[in-house]
Structure formats: C-alpha cells, structure tokens
Amino acid sequence: EESKKGSRSSVSLAKDDNRDNTEKAAEVVGYASIQYEPSKNHCYIHQLGVCPKHWGRGIGRKLVFALVEGGWHPDLASISVLTRRINQEGIDFYKHIGFEEVSFQAKQDDYLDFTKF
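As a starting point, this report considers the structure included with it.

The rules behind these values
Residues numbered from 1 in each chain as written. Predicted model: local features only at pLDDT ≥ 70, side-chain atom pairs only at ≥ 80, totals over all residues. Heavy atoms only, no water. Core = buried A, V, L, I, M, F, W, Y, C linked by side-chain atoms within 4.5 Å. Buried < 20%, exposed > 50% of the residue type's maximum accessible area, 1.4 Å probe, protein only. Helix = DSSP H or I, 4+ residues; strand = E, 2+ residues; numbered from the N terminus. Contact = heavy atoms within 4.5 Å. Pairing = 2+ DSSP bridges.

1. As for the nonpolar core
- By size, the foremost hydrophobic cluster in this structure holds 21 residues, and its most contacted members are Ile45, Phe99 and Phe114.
- For this core, the secondary-structure elements that each account for two or more residues are β2 (27-37), β3 (42-50), α1 (59-68), β4 (78-84), α2 (88-96) and β6 (110-116).
- Sorting elements by how many residues they give to this core places α1 first, with six residues.
- Beyond its immediate sequence surroundings of up to four residues, Phe114 is in contact with Ile79, Ser80, Val81, Thr83, Ile91, Tyr94, Lys95, Phe99, Glu100 and Glu101.

2. What to know about the pairing of β4
- When you tally the buried positions in β4, you get five out of seven residues, the bulk of the element.
- Inspection of the sheet shows β3 paired to β4 by three bridges, in the parallel sense. What sits directly across from His42, in β4, is Ser78.
- The pairing of β4 with β6 spans six bridges and is antiparallel. Counterpart to Val81 in the pairing with β6 is Phe114.

So, in structure tokens, the structure goes:
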C-alpha cells in the first residue's frame, strides 16, 4: 500500500514440520515489518522477531533483507531501527548486519537508534 506518507510491508518465515503428513500447522520462526518513507527514500524497521531457539541461523538477516533489498524498495538511502539499550542481543545483531549507532533517545526506556546507509 503506497501513499505520499509511505507504505508498510511485512514478511514472516515459517518452518513446516509436517514430515509425517499429519494435519499440523507450520511453526512461525520469525517476523519483520518496515515502513517506507518515499520522500526520504528511507525505511524504518518497526518489528523484528525470531524465536529464540532459531537464533544464530541467519533468519533475522534474511527477514530484514527480504523486505529491504528483495526488490520492495531497491534504491534506499538508509534504513533505521530503534532498540532498547538493555537489548544487547538486538544491539549485537544490528551491528553484525551492518547498522551503525547514530544517536541516543531517552523515552520511557533508553533507546539506541541504529541506521544502515
């Protein structure tokens, strides 16, 4: 859904364990959503989550890049995300996939702002 104000996109990744042909729902292992700001050619990551038992398998990276670099918004100038200062796993993850800390924001909790150019 594209507009002057921007658009939102989301993607989820499911693992299908239906090896024995029983009626069993696939397990959702990760989810991500972004908002695109066309006037700034910029995306904000609103949500990113991966089931902890699937951490370290590249799922978070795949989700982010499926939305951002997978053709949804091919010529982005930048991508940003806020994460809590106490979320060390999140901070390490964003740095690992190329984001840089650009500012500190004090709100209800302490947040760090990361951007990838």
